[in-house]
Amino acid sequence: MKTGISIIICCYNSERIISRCLQHLFNQETDPNLQWEIILVNNNCTDNTEKIAQELFKKHPHIESKIIIENKPGLAFARTKGIQNAQYSYVIFCDDDNLLCKNYIQTAYSIINSDNTIGACGGMGIGEFETPPSPIIQRMQDCYALGSQEKNISFLYGAGICIRKEIYDRIINYKYPLFLNGRTGNQLLAGDDSEICKWIILMGYKLKSSNYLTFKHVIPKNRLDIKYLKKMLQGFGYAAPILKVYDIQIKQYDFFYIQLYVIKIILELIKTAIIYTINPQSYGDMYFRYCILKGYYYWGYKYLKKTYKQISSIINAQNFKVLNECK
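How each quantity is defined
- Residues numbered from 1 in each chain as written.
- Predicted model: local features only at pLDDT ≥ 70, side-chain atom pairs only at ≥ 80, totals over all residues.
- Heavy atoms only, no water.
- Helix = DSSP H or I, 4+ residues; strand = E, 2+ residues; numbered from the N terminus.
- Polar contact = N/O pair within 3.5 Å; in protein donor to acceptor, adjacent residues only side chain to side chain.
- Contact = heavy atoms within 4.5 Å.
- Salt bridge = Lys/Arg side-chain N within 4 Å of Asp/Glu carboxyl O.
- Buried < 20%, exposed > 50% of the residue type's maximum accessible area, 1.4 Å probe, protein only.
- Core = buried A, V, L, I, M, F, W, Y, C linked by side-chain atoms within 4.5 Å.
- Expected span 1.5 Å × (residues − 1).
- Arc of directions from axis to C-beta.

S.K.: So, the side chain of Asn 42: which residues are in play, and what are the values?
M.R.: Mapped onto the elements of the fold, Asn 42 is located in strand 2 (residues 36–42). Within the structure, Asn 42 has its side chain in polar contact with the backbone nitrogen of Asn 44 (distance 3.3 Å). Among the polar contacts made by the side chain of Asn 42, one reaches the main-chain amide nitrogen of Cys 45 at a distance of 2.9 Å. For Asn 42, the contacting residues outside a window of four places in its chain are Cys 11, Glu 50, Ile 68, Ile 69 and Glu 70.

S.K.: Please provide a residue-by-residue account of the pattern of salt bridges, values included.
M.R.: Scanning the model with the defined rule gives 13 salt bridges in all. As a salt-bridge pair, Glu 29 and Lys 102 come within 3.8 Å of each other at their nearest N and O atoms. Note that Glu 29 is positioned in the loop between helix 1 (18–26) and strand 2 and Lys 102 in the loop between strand 5 (98–100) and helix 4 (104–113), a separation of 73 residues in sequence. For Lys 102, a relative accessible area of 51% corresponds to the exposed category.

S.K.: Lay out the nonpolar core with the relevant residues and their values.
M.R.: Counting residues in hydrophobic clusters, the biggest one holds 53 residues, and the most contacted among them are Ile 163, Trp 199 and Leu 202. When residues in this core are grouped by element, the largest group, eight residues, is from helix 8 (residues 226–250). Excluding its chain neighbours within four sequence positions, the residues that come into contact with Leu 202 are Tyr 246, Gln 249, Ile 250, Ile 311, Ile 315, Phe 320, Lys 321 and Val 322. Counting 37 residues, the second-largest nonpolar core is a separate cluster that includes Ile 18, Cys 121, Ala 145 and Leu 213.

S.K.: How would you summarise the environment of Tyr 90 if you had to cite specific residues and measurements?
M.R.: Within the secondary structure layout, Tyr 90 lies in strand 4 (residues 88–93). Residue class for Tyr 90 comes out buried when judged on its relative accessible area of 6%. In the structure, Tyr 90 is positioned 87 residues away from Pro 177 in sequence and 22 Å away in space, judged by C-alpha atoms. Contact partners of Tyr 90, with chain neighbours within four places excluded, come to Gly 4, Ile 5, Ser 6, Tyr 109, Ile 112, Asn 113, Cys 162, Ile 163, Arg 164 and Lys 165.

S.K.: Go over helix 9 (residues 257–278), please, and point to the residues and values.
M.R.: Over its 22 residues, helix 9 runs 32 Å from end to end, which matches the ideal 32 Å to within 8%, given 1.5 Å per residue. Along helix 9, the positions that sit buried rather than exposed are Ile 258, Tyr 261, Ile 265, Leu 269 and Thr 272. One face of helix 9 carries all of its buried residues, which in axial projection span an arc of 90 degrees. Exposed and oriented more than 90 degrees from the buried face of helix 9 are Leu 267, Lys 271, Ile 274, Thr 277 and Ile 278. In the core, the buried residues of helix 9 are packed alongside helix 8, helix 10 (283–299) and helix 11 (301–318).

What follows is the structure in structure tokens.
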């Protein structure tokens, strides 16, 4: 595997924004010795996304680039296809609405290449809003992959994340179970990014983030209303029980802890409901706890326990050792 970075952009009808996304990649300032490429994954686009990208790639022949197709709908499937076609040792997932700062690729490479215990690194999202967000939306900025991640040790935003390709290859080749498949068309599932981060930690790596890695997240008006926020919170809420099973494994707790966590969420829901009566801006906090409880009902205790055992068997078979700083 060659040392360098593959930037993977997964697209589903991205014609409105793809030219801006690609232009920020064309403007990257990197060391002449750093090799990198752009891989655009067409995930069932029915618009002019691919045509626009082809025309732009022709204007920048000095940058390695290619377009591949993944017919199976879903962000996780598109990213896997991109990984399988990547030729370099590290990969960056750049969403179609992400505008990476001019030194993003070089900085990400410097961070992850400096320490072989870093499995993935992430940056700081800065919102570019079509219309000013309401106070409720501003309070839930992390749902939009905005803000600093420097204190995060258990997950990173999928937007702009840089991962060692060998880790992802291992997940694919050994068929580690992935229970969260991410966005599918207009369906806002969630948690696939965090699930990969959990496997990275279980394999004995750590996560790193830097505020020097910045990107703009272009957010249109239709994603800034309460209806869209609720869809996202439902996706995050339904993913939470699965991700909690991973956390239990990372901390080496008994599965019984899942019941204590459910009780904790119930108490938090009651608390946030009371706060909401005083401060309506906390609606997102309350609704998220409600969605987590719905998620536990959706998966069920038996399925979560089965998931716990599946993960345990892989940990034991592969002799994974979690770094102490990640527990």
